[in-house]
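Chain by chain, the residues run as shown.
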Amino acid sequence: MKSITALFLLFCFLVPSALAQLKFAFYGPSCHRTGSIISSVVAERFRRDPSITAALLRMQFHDCFVTGCDASLLIDPKPGRPSEKSTGPNASVRGYEVIDEIKRQLEAVCPGIVSCADIVALATRDAIKLAGGPSFLIKTGRRDGLRSNPADVNLPGPTIPVSASIQAFAAKGMSVNDMVTLIGGGHSVGSIHCSLFQDRLNDPAMDRSLNAQLRNTCRAPNDPSVFLDQRTPFVVDNAIFGEMQRQRAVMRIDSNLAFDGATSGIVSSFAQSNSLFRQRFAQAMEKMGTIGVLTGRAGEIRRNCRVFNNGR
């Protein structure tokens with residue numbers, strides 16, 4: 001009888017955590033202003049700086065593709081304790097102050113309720129819509145991670161071969177279609193420093209006029225940056241896929257997607273249909289936002305997105 005009671009008690013403790021899942025309107029009963037506060041802060045920033053869409057897209061990708069969508073990227077390093085922010089691939093990630101402001105306002109009305117991981121997901125979703133991208137619903141209920149270790153960071157680089165990129169995305173449960181959609185969608189509003197695409201400038205297949213234009217820009221000091229999408233750099237749309245096909249892609253991976261047998265058909269379909277791209281991009285963003293999420297009693301709800309609650 002004692003063993004049965006013990007098993008029952010164990011079940012009672014485990015079931016809420018096991019059954020806890022992401023769901024729509026997760027904060028409805030506990031913090032109904034979550035959506036309006038996030039939308040307001042993101043819209044205000046977008047009016048001043050439309051490049052914030054690219055920044056938040058990159059932030060969410062760099063967070064989700066390490067230990068999952070757990071806001072581990074947001075943790076500040078301390079003396080003797082580096083974090084994911086300390087690594088080279090994350091050195092140019094920006095937009096943290098937007099997340100800070102959202103968190104400050106939410107803590108004022110709903111202290112200890114809304115996770116930093118959900119703030120990143122919702123803020124990115126809102127920024128995509130403001131930049132002309134699709135509007136979509138996402139489930140919430142993520143919790144914040146308790147680990148941020150630079151040793152965990154192993155992100156795909158700008159010169160990664162298509163086959164290796166497919167493997168990297170597959171390891172996170174993402175399909176080839178998801179990969180093409182996310183890379184193209186993210187790069188539709190992104191920018192890159194000249195030092196990171198020198199290999200592409202030496203590619204004889206690259207469009208000559210674009211090559212000359214980029215070389216001229218990159219002669220300037222302090223490693224200038226250029227838009228990845230030369231046609232509509234502040235709009236989340238399908239224009240970049242046509243640029244890929246015309247050898248006007250700035251990054252090697254973007255060019256390779258258009259001519260690799262595993263991905264060229266997907267690039268072609270998106271280049272022909274913005275509505276198809278919008279539909280798939282919304283689906284891929286929703287899917288990426290569920291990678292390695294913590295729910296239930298796992299993790300914590302940080303009071304400050306840059307610091308673990310125990311201060312370590």
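Keep in mind it's a predicted model, so treat the numbers as computed, not measured.

A. Spotlight on the nonpolar core. In terms of nonpolar packing, the biggest core is built from 83 residues, with Met-59, Leu-74, Ile-99, Ile-102, Phe-197, Leu-257 and Met-288 touching the most fellow members. With 9 residues, the single largest contributor to this core is helix H5 (residues 116-130). If we ignore the near neighbours within four places in the chain, the residues touching Met-59 are Leu-73, Leu-74, Val-93, Arg-94, Gly-95, Tyr-96, Ile-99 and Val-120.

B. Geometry of the layout of surface pockets. Taken as a whole, the largest pocket holds about 1,100 Å³ of empty space. As for the largest pocket, its lining consists of 40 residues, of which Arg-58, His-62, His-187, Ser-191 and Leu-228 are closest to the centre. Those elements that place two or more of their residues in the lining of the largest pocket are helix H3 (52-64), helix H6 (162-170), helix H7 (176-187), strand S1 (191-193), strand S2 (225-227) and helix H13 (274-288). Here the residues of the lining of the largest pocket sort into 26 nonpolar, 12 polar and 2 charged. Both domains that meet at the lining of the largest pocket, namely domain 1 (33-152) and domain 2 (162-288), each give it at least three residues. As a volume, the second largest pocket reaches approximately 250 Å³.

C. Geometry of the pattern of salt bridges. Summed over the entire model, instances satisfying the criterion amount to 20 salt bridges. Here Asp-207 and Arg-248 are joined by a salt bridge, their closest N and O atoms 3.0 Å apart. With Asp-207 in the loop between helix H8 (198-201) and helix H9 (208-218) and Arg-248 in the loop between helix H10 (239-245) and helix H11 (252-259), this residue pair connects regions lying 41 residues apart in the sequence. What makes Asp-207 partly exposed here is its relative accessible area of 22%. Residues Glu-243 and Arg-248 are paired through a salt bridge, measuring 3.1 Å at the closest nitrogen-oxygen approach.

Reading the values: the criteria
Residues numbered from 1 in each chain as written. Predicted model: local features only at pLDDT ≥ 70, side-chain atom pairs only at ≥ 80, totals over all residues. Heavy atoms only, no water. Core = buried A, V, L, I, M, F, W, Y, C linked by side-chain atoms within 4.5 Å. Buried < 20%, exposed > 50% of the residue type's maximum accessible area, 1.4 Å probe, protein only. Helix = DSSP H or I, 4+ residues; strand = E, 2+ residues; numbered from the N terminus. Contact = heavy atoms within 4.5 Å. 1 Å grid on protein atoms, 1.4 Å probe; cavity = no way out; pocket = protein on both sides within 12 Å on 5 of 7 lines; lining within 4 Å. Points joined across faces, edges and corners; volume = space filled by probe spheres on them. Nonpolar A, V, L, I, M, F, W, Y, C, P; charged D, E, K, R; others polar. Domains from an automatic or database assignment. Salt bridge = Lys/Arg side-chain N within 4 Å of Asp/Glu carboxyl O.

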